[in-house]
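Residue-level structure breakdown
Each chain is listed here by its residues.
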Amino acid sequence: MLTSTFSRRRSSPNRPLSRQAAGRGSLSGPRWGPFLLALPTGANADAGWLPTPAEFHDIVASLVNPAWMLIPITLLAVATLLWSWSQRRQAARRTRQLQRELNERRRVEMALRESEARLRDVTEAASDWIWEMDENLRFTYLSERFFALTGIAPHYVLGRARWELAATDSDADPQKWRRHRETLEKHLPFRDFVYQTRLSGSHGEGRYLKVSGKPIHDSQGRFMGYRGTGTDITEQIKAEVALYQSELRLRRIIDLVPHMIFAKDRHGHFLLANRATADAYGTTVEELVNRSHHIIHGVDEEVERMLADDLDVIESRTSKLIAEETFTDHAGHVRTLQTMKIPFVEPGLNETAVLGVAIDITEQKRAKEEVARMRLYLKNIIDSMPSVLIGVDPWGYITVLNQPAEQAGGVSWETAQGRFFGDVFPQLKGQFKQVRQAIRHGQPIKTPRMTLDVQGELHYADVMVYPLRADSASGAVIRIDDVTARVRIESMMVQTEKMLSVGGLAAGMAHEINNPLGAILQGSQNILRRIAPDLSQNRAVADALGLDLNQLNRYLQERGILRFLEGIREAGARAAKIVADMLSFSRRSEARFVPVDLQDLLETVLRLAASDYDLKKKYDFKRIAIRRDYDPTLRLVYCDKTEIEQVILNLLKNAAQAMAEEGTPAPAITLRTLREPDYVLIEVIDNGPGMDDKTLKRVFEPFFTTKEVGVGTGLGLSVSYFIVTEQHNGRLSVTSRPGQGTRFSIRLPSLRKALS
Amino acid sequence: MTSWVLIVDDEEMIRENLKAYLEDEGLGVAAFESATHALGWLRDDSATCRVCIMDMRLPDMDGNTAIRIFHQLYPEMEFLIHTGSSSYSLPEDLRAMGLDNDRIYHKPLGDMAPLAAAVRALAISREIQP
């Protein structure tokens, strides 16, 4: 830029001068001058001074005609005439020549004067001055412009050499001056030598001068000195320095900017780049500028994309914002940039280039992503909670719902937002009071075991209202935990406790009850035996007393005494069974646990059940279709064989009894086994009448029975439950629906788990 | 010489019922309410007693102790245990005497026939053995 301004400035004053010179030259240049002068002069002279051929003929005729005598005279006269004519002619020619010379001189003088004046005008008017040096290289002449332009009085200069006037400058750059001196001493021409003179003119500080010169030689070729022109370029230099400084300042500013600032032409060459850009490419600004993007940056895909954007901007001449683009810096770090590309016309270049500002938004993007990730993570957390979470503002309007809440309310968070929670969850309407109170006192409020109707089913829920702690957000979170399962388990545990207390009670009273029961049972057995007519001892005593035993027996039968006795026996037996069942509700440490083949066990139970045909119980096990669905991979189970047999037999009997009572058309029982990761599953599935919810809930309760009075003890299932859950650490569960059969599932710990 | 069956039980009706049943079975039965009484009878009477049906809860001592004493005095005597306690289990020293779980009969006995059969079997084995 510096040089281009220079050359422009230099060439512009020259141009008008040369044009002037060319203009004048066409009228009176040195080449055309003599030719123009010669032609018209010759033509005019002949027309005025020489006789035409006709005139000359007339003269000769007149001389011949008068008389031959007159011939000598005439001849003489003619000769005289001819001589004088020629004399006259010669004189006239001389005069003409003189006159011509005089004219010529006058013209040359005029031209010289004109040229001189012109030169003077030019010299005086031009920004340059003329200088001359003698053969000793000392200034001998300076044109007036010198003072006008530099403000330095010529007498400071005349008689001195140039280097004497520029001590500071020569100190600053001695090499420059040495070369200049050599040039001068070799009498060589030079151009555009710039230096700073130490002389300060009226303008103040030292001036910057630019001089050109050529040696002068006389006609013999002796060196006479130098003549040349000089110009004061102080202002120019100052302007350039100012420009340079301003550029430097701008440079510093763009280098300070942490964003990448660059300009590229359409070929991808960097015209400008700031430090941030250079740093990103791992190079210096100097290295980067004027080099191709391709060479600097190795990642082809990115270069192609950026160059395509550049071209797009250049072609369309409209700015483009690239909201996000990836850029791999020299260290291989992938950064995210936000880039603005603006078309601009570089001064001195005809082509449109592109100016780009790229802001590194990697951190912002990462932060944004982190926020988004965190938000998602938090949402994930609250969604993963099994609890229903409802965030509300102090007025009860929903702010947040987690996924279980969305499911419970049958609404999405988006649609529920801003609605009153009581409208979305009508069963929680009553909690608004708690929400207000929790926020007011800053204390959580718990409503345990709230009963909820979930699609017709009774559910229990613990409802907690937590006030929000953060200062910025006031409101509350309603947490609902469905504790139905826990409530059920707790009730089961209560059941078990109940069983255990029954067991404890039974153990305490068994001894006291068993003795009288023994007396009743043994007594009735002895009575029946001692009235039997066939026993020899009976007969002996009867004979001694004269009693007919057969008659007595008939009497006892007639009066129903034998039936009463049988009744006593049965009642005693039942009481004994109840006590025995109650006694099984106690933890026995020395249960006989052994690995048992499960299929064998089930088959044994089926045989036992088949032989259990009982007219009074009105069912025939042989009429029931038995389906076996055994897991072939399952064989051994670690249990107390007789107890598990008792449990399964009890289930089979219950199923058979229920199906018989209901008259199930094609009664069937499926025995199913399945290996589960930690448990062995045994299922007894019937297609009988099933149970309603009310029955289902109480089915394991001790002394609960649906059977007629006297048919069951009401302890069968609770004993089974006790054996499975307490003695074997297993689980016993039941699923049933009225009319859809019943499924009992026994889970016993797997062999591995039980032994570990 | 009659071989007696000895019954020790503090519950009178149990005692009497067992005695009646076994007598009907043709066995000689002596029944006592306590171990002390039984021991007194055993010392006084020269009759040998083959089988003893022992209750566990007695007024003077517990059944296990009575068995140990009886066994010491009459090593040939066999024991059957008749108890009202559901949680009774045989002590090791009694097992060492040859008693096992089959000798235990829980009250109430709805049918005395199995007990009678056991008594008969033990009485006969005792008669054959020497």
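Model, not experiment: these values are computed from the prediction. Chains are numbered independently. Their residues run from 1 in the order of the written sequence. Following the order in which they are written, the chains are lettered starting with A and the ligands numbered starting with 1. Only residues with pLDDT of 70 or above have their local features reported here, since the model is predicted, and side-chain atom pairs are shown and tallied only from 80 upward, although totals for entire chains, interfaces and linings are computed over all residues. To obtain the side-chain values, all non-hydrogen atoms of the structure were used and water was disregarded.

Right, let's get into the overall build of chain B. The helix count covers DSSP runs of H or I at least four residues long, the strand count covers runs of E at least two residues long, and both are numbered beginning at the N terminus. A tally of helices and strands in chain B yields 5 helices and 5 strands. Moving toward the C terminus, one meets the helices and strands of chain B in the order β-α-β-α-β-α-β-α-β-α. Any residue under 20% of the maximum accessible area for its type is buried, any over 50% is exposed, and the rest in between are partly exposed; the area is computed with a 1.4 Å probe on protein chains only. Relative to its 130 residues, chain B shows a buried fraction of 52%. Contact definition: two residues touch when any of their heavy atoms are within 4.5 Å. Within chain B, contacts between residues separated by at least 24 positions form 67% of all contacts whose residues are at least 6 apart in sequence. Here, Shrake-Rupley sampling with a 1.4 Å probe gives the accessible areas, and only protein chains in the shown set may cover a residue. If you sum the accessible surface of chain B, you get close to 6000 Å²; carbon and sulfur atoms cover 49% of it.

This brings us to a negative patch on the surface. On the surface, Asp10(B), Glu12(B), Glu16(B), Glu33(B) and Asp60(B) cluster together into a negatively charged patch. Under the relative-accessibility criterion, Asp10(B) is labelled partly exposed at 36%. Patch definition: residues with relative accessible area over 30% and no salt bridge; like charges joined within 9 Å; nonpolar side chains (Val, Leu, Ile, Met, Phe, Trp, Tyr) joined within 5 Å. Every case where a carboxyl oxygen of Asp or Glu lies within 4 Å of a side-chain nitrogen of Lys or Arg is listed as a salt bridge. Neither His nor the chain termini are counted; the positive set is Lys and Arg, and the negative set is Asp and Glu. Every charge is mapped onto a representative atom, which is NZ of Lys, CZ of Arg, CG of Asp or CD of Glu.

Moving on, we get to the confidence of the model for chain B. The predictor rates its confidence in each residue with pLDDT, a number between 0 and 100. Per-residue confidence for chain B gives a mean pLDDT of 88, with 92% of residues at or over 70. When the elements of chain B are averaged for pLDDT, helix α5 (residues 113–128) of chain B gives the smallest value, 82, and strand β4 (residues 78–83) of chain B the largest, 94.

What follows concerns the sheet that holds strand β7 (residues 270–273) of chain A. Residue and element names in this part refer to chain A. With respect to topology, 5 strands assemble into an open sheet ordered β7-β6-β10-β9-β8, the strand pairing being antiparallel. Pairing within the sheet leaves two strands with one partner each, and these edge strands are β7 and β8 (320–328). On average, each strand axis in the sheet is inclined to that of its neighbour by 30 degrees, with strand direction left out of account. Note on pairing: DSSP must find at least two bridges between two strands before they are called paired. In terms of strand pairing, β8 meets strand β9 (residues 334–345) through 7 bridges, oriented antiparallel. Bridge assignment links Thr-328 to a residue of β9, and that residue is Val-334. Only the stretch in contact is used when a helix axis is fitted, and all axes are lines through C-alpha atoms; the angle between N-to-C directions ranges over 0 to 180 degrees.

This part is about the interface of chain B and chain A. Of the residues lining the interface, 23 residues belong to chain B; the matching set on chain A comes to 20 residues. Of all residues in chain B, the largest losses of buried area upon contact with chain A belong to Asp24(B), Arg57(B) and Pro108(B), amounting jointly to 32% of the total for that side. Counting across the interface, chain B meets chain A through 4 salt bridges. Here Glu25(B) ties to Arg529(A) by a salt bridge, and the two come within 2.7 Å at their closest N and O atoms. Between N or O atoms, a polar contact is any pair within 3.5 Å; within protein, one atom must be a potential hydrogen donor and the other a potential acceptor, and residues adjacent in sequence are included only when both atoms are from side chains. Run the count over chain B and chain A and you get 15 residue pairs in polar contact (both at pLDDT 80 or more). A per-element tally of the side of chain B that touches chain A places helix α1 (residues 12–24) of chain B first, with 8 residues. Take the accessible area each of two parts loses on contact, using a 1.4 Å probe, and add the two losses: that sum is the buried area.

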